[in-house]
Amino acid sequence: MQGVRRKIVYVGFFELFAIAISTAGLAYFSDSSVGRASVAAVVSSAIAVVWNLMYNTVFERWEARQIVRGRSWKRRVAHAAGFEAGLILTLVPFFAWWLDISLWQAFVLDLGLIVFFLVYTFAFSWVFDRLFGLPASAR
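Given the structure is predicted, the values throughout are model-derived calculations rather than measurements.

> Describe the packing of aromatic side chains, listing the residues and the values that go with them.
Within this structure, the stated rule accounts for 22 aromatic pairs. Ring geometry for Trp 104 against Phe 107: centres 5.8 Å apart, planes inclined by 35 degrees, an arrangement best described as tilted. Taken together, the residues Trp 104 and Phe 107, both in helix H4 (residues 103–132) and three residues apart, mark about one turn of the helix. Given a relative accessible area of 29%, Phe 107 falls into the partly exposed group. With centroids separated by 4.6 Å and ring planes inclined at 40 degrees, the aromatic side chains of Phe 128 and Phe 132 adopt a geometry described as tilted. Of this pair, Phe 128 and Phe 132 both sit in helix H4, four residues apart, roughly one helical turn. For Phe 128, a relative accessible area of 4% gives the class buried. A relative accessible area of 31% places Phe 132 in the partly exposed class. Joined through ring pairs, the aromatic side chains of Tyr 10, Phe 14, Phe 116, Phe 117, Tyr 120, Phe 124, Phe 128 and Phe 132 make up one cluster.

Structure representation (structure tokens):
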């Protein structure tokens, strides 16, 4: 599976699992209701989907120009870290506002999500590539 179809399937499954897990975590760690936490999870998911499409497009263009092919663990770690760093800029202020917590609390909450999503992104991408094969840019 390649191209836009691959990206849509990847993002769809990634976000479906992410919404379920992050709703529970946001509710628990922010003392918010599951309803408020689920809205926060869905909105953050929408932000992440747009960022994911933009980030992966740029990453794959860069990757296609590399001499070394494949996706080593170092390349996967760099990919996951870059993706998560981009989300900090939008999610911390949003969480503070929507969950009615301080920016510091939102930042700490986001740090917890970052740690979770770094591991989740790495593992999900590895499993996805094992199930569907590497994209053309990594071959």
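> Quick rundown of the nonpolar core? Include the residues and the values.
If you look at soluble globular proteins, the nonpolar side chains tend to sit buried side by side. Core analysis: the largest hydrophobic core is formed by 29 residues, its most contacted members being Leu 26, Ala 40, Phe 95 and Leu 99. Every element with two or more residues in this core is listed here: helix H1 (3–30), helix H2 (34–64), helix H3 (73–98) and H4. Considering each element in turn, this core owes the most residues, eight residues, to H3. Not counting chain neighbours up to four residues away, the residues in contact with Phe 95 comprise Leu 26, Ala 40, Ser 44, Asp 100, Ile 101, Ala 106, Leu 109, Asp 110 and Leu 113.

> Could you give an account of unusual backbone geometry, with specific residues and numbers?
Of note, Asp 31 is a non-glycine position whose phi angle comes to about 55 degrees, a positive value. In this structure, Asp 31 sits in the loop between H1 and H2. For Asp 31, a relative accessible area of 73% translates into the label exposed.

> Lay out the packing of H3 against H4 with the relevant residues and their values.
Packing of H3 against H4 brings their axes to within 8 Å, and their N-to-C directions diverge by 145 degrees. Between H3 and H4 the crossing geometry is right-handed. Partitioning the contact of H3 with H4 into residue classes produces 20 nonpolar, two polar and four charged.

> A description of the packing of H2 against H3 should follow, citing residues and the corresponding values.
Remark: H2 packs on H3, axes separated minimally by 9 Å, with the N-to-C direction vectors making an angle of 145 degrees. Crossing handedness for the pair H2 and H3: right-handed. Of the residues belonging to the contact of H2 with H3, the class tally is 16 nonpolar, seven polar and three charged.

The rules behind the values
- Residues numbered from 1 in each chain as written.
- Predicted model: local features only at pLDDT ≥ 70, side-chain atom pairs only at ≥ 80, totals over all residues.
- Heavy atoms only, no water.
- Phe/Tyr/Trp six-rings, centres within 6.5 Å; stacked < 30°, edge-to-face > 60°.
- Helix = DSSP H or I, 4+ residues; strand = E, 2+ residues; numbered from the N terminus.
- Buried < 20%, exposed > 50% of the residue type's maximum accessible area, 1.4 Å probe, protein only.
- Core = buried A, V, L, I, M, F, W, Y, C linked by side-chain atoms within 4.5 Å.
- Contact = heavy atoms within 4.5 Å.
- Axes fitted to C-alpha atoms, helices over the stretch in contact; angles between N-to-C directions.
- Left-handed = near helix turned anticlockwise from the far one by under 90°.
- Nonpolar A, V, L, I, M, F, W, Y, C, P; charged D, E, K, R; others polar.

These figures capture arrangement, not role.
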